[in-house]
Amino acid sequence: MDNREILTRFKSGALDRQQVLALLTGNGQAPAAPAPSQAPVPAKALALSQAPVAAEPPPPPADGCAVVAVDCAFPGAAAGTAGFWEAALGAAPAGAGDTAPFDPALLRIGRDEADALHPEERLLLHRVHQALEGAGYAGARLDTLTGPDGEHRAVGVFTATTRPHTSALLSRVLDLRGPSRNTDTGDSSFLTAVHQALGALRTGECAAALVAGGDEREGVAVLLLRPSAAARAAGDRVHAVLTASAAGHPGRGTSALRERLRQRVPPTAPGLDEEGTGAAALVRAVLQLRHGVLLPGPGRERPGPWPEGPRTALAGVYEDDAPYAAVALREPPPAPPEPAEEDGPHLVLLSAPTPRHLAATAVRLADWLTSFEQAPGPGAVARELRIGRAVHACRLAVVVHDTAELAGALAAFARGDAASGPRPVRHADLREAGEPLLADRLPETRDYVAALWRGRRFEQLTRLWLAGADVPAGDRTGPPAPVLELPPSAPLPDTPEARRAG
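Cut-offs and rules
Residues numbered from 1 in each chain as written. Predicted model: local features only at pLDDT ≥ 70, side-chain atom pairs only at ≥ 80, totals over all residues. Heavy atoms only, no water. 1 Å grid on protein atoms, 1.4 Å probe; cavity = no way out; pocket = protein on both sides within 12 Å on 5 of 7 lines; lining within 4 Å. Points joined across faces, edges and corners; volume = space filled by probe spheres on them. Helix = DSSP H or I, 4+ residues; strand = E, 2+ residues; numbered from the N terminus. Nonpolar A, V, L, I, M, F, W, Y, C, P; charged D, E, K, R; others polar. Buried < 20%, exposed > 50% of the residue type's maximum accessible area, 1.4 Å probe, protein only. Pairing = 2+ DSSP bridges.

1. Describing empty space enclosed by the protein
Here is step 1 of the chain: Across all of its chains, the model carries three cavities of 30 Å³ or more by this definition.
Here is step 2 of the chain: Within this model, the largest cavity holds a volume of roughly 130 Å³.
Here is step 3 of the chain: As for the largest cavity, its lining consists of 15 residues, of which L350, S351, L385, R389 and A390 are closest to the centre.
Here is step 4 of the chain: Mapped by element, the contributors of at least two residues to the lining of the largest cavity are strand 12 (346-352) and helix 14 (378-388).
Here is step 5 of the chain: No other element matches strand 12, which puts three residues into the lining of the largest cavity.
Here is step 6 of the chain: Its residues assigned to classes, the lining of the largest cavity comprises eight nonpolar, four polar and three charged.

2. Things to note about the layout of surface pockets
Here is step 1 of the chain: One number sums up the size of the second largest pocket: a volume of about 1,300 Å³.
Here is step 2 of the chain: As for the second largest pocket, its lining consists of 43 residues, of which G139, A140, D143, R153 and D470 are closest to the centre.
Here is step 3 of the chain: Elements represented by at least two residues in the lining of the second largest pocket include exactly helix 6 (119-135), helix 7 (140-143), helix 8 (166-174) and helix 14.
Here is step 4 of the chain: Per element, the largest residue contribution to the lining of the second largest pocket is four residues, and it comes from helix 7.
Here is step 5 of the chain: Split into classes, the residues belonging to the lining of the second largest pocket amount to 19 nonpolar, six polar and 18 charged.

3. Looking at the pairing of strand 10 (residues 312-317)
The side chains of a regular strand alternate between the sheet's two faces.
Here is step 1 of the chain: With respect to burial, strand 10 is a largely interior element, six of its six residues being buried.
Here is step 2 of the chain: Taking every second residue as pointing to the same face, both faces of strand 10 are buried, with T312, L314 and G316 on one and A313, A315 and V317 on the other.
Here is step 3 of the chain: Examined bridge by bridge, strand 10 and strand 11 (residues 324-330) share six bridges and lie antiparallel to one another. When the sheet's bridge partners are listed, T312 is paired in strand 11 with R330.
Here is step 4 of the chain: Here strand 10 hands over to strand 11 after six residues, with D321 in that stretch at a positive phi of 55°.

In structure tokens form, the structure reads like this:
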């Protein structure tokens, strides 16, 4: 008796759980099959008429898996979720997709390797970097994601492309150390990759899962997933919660996938069905849940408010004689209250691959800070820059008391006059420097730097930072704070002229 027959008898009630366990482990014998109540059916006819029986996968965590980062670039919309959402609402003219330059320096990719990358790989790497920075998982916070063996940066990579080595490329470039798999099942590829990522999170293979896929023609999408309980504890921003998924092929018959997933969603919930290319369908569903707004669709000519919840959605790809996949979602939980801003002053640290990158990112951050009627406090900005961003060789440091001082100091630095702002900005270019004065990976070093942070020894921390020490990695002050979504680092064109300019 094979495993399929064992499971069939278990579902029919002919075997109890102990008998099934004994048979599957080879420690028991099956009872005699019950006598048939009708004439036997020929074996060939039986094989064609019976639907295959497969074991149901373990259920996802009771509170699901949180989408803590989402990014996209689709034709007809400006790159990013804001551009896609505005285009979907009809509030913006059609965009040209992702027009930002691919910048290998931000990803620490050598020029020879960058020149050899396929355009789709360049696009995907750029959008993944944008997503990780937006979610605050491009720096020290990423190191806190540990696997079952204690390995840091335990993030699985699940890609959906026609290029089989894409997942390995992302894992290596981003130094992500979880499982790495690529999927190519046609239109259902992206949702199938999400299904695999949820399975890896469910079994504990990784602490987080990065899902990325698409192509130049259809566009690309990126998600970062974490178990909901872990996301809440870390202060992650949750865009939606994935509650269930399924993927497979209907064989010669038809699939009851949609009905099966609907049974896992509360029947009283006003559900939403999104179909089409998997990446776009899922991103549309996530954004509608995040904003509480229904986009135009069947029975809806214009966008409108989504009635109060619980709000649920189902994103799926269903095609005859092709692999299918579907993901069930629900709205995110209410965001936690913002913590009170700590009293100043605050030490703000910023880094970038080159001086030109540093100036461009500084002015982008200054412009962002001055765009608010009530901007985030400098303490929250400083903390997010320390733990959410990667550390590069070109660095600046400034001590400020309020947001206006920070914006003014960054703008003055970007103009090339670091001393003329409301607070002097100190900076260093360490691209040609040797080993830092402190061995960053030693626990004694981390303890020393942590003591400086606790004591608010900003002068000593600034000196260490500008001498090459990984000062942000030693910041252990206070409990996890909510992620603050900052503007991403400024990419610069990778042209011969830009390379000569440094």
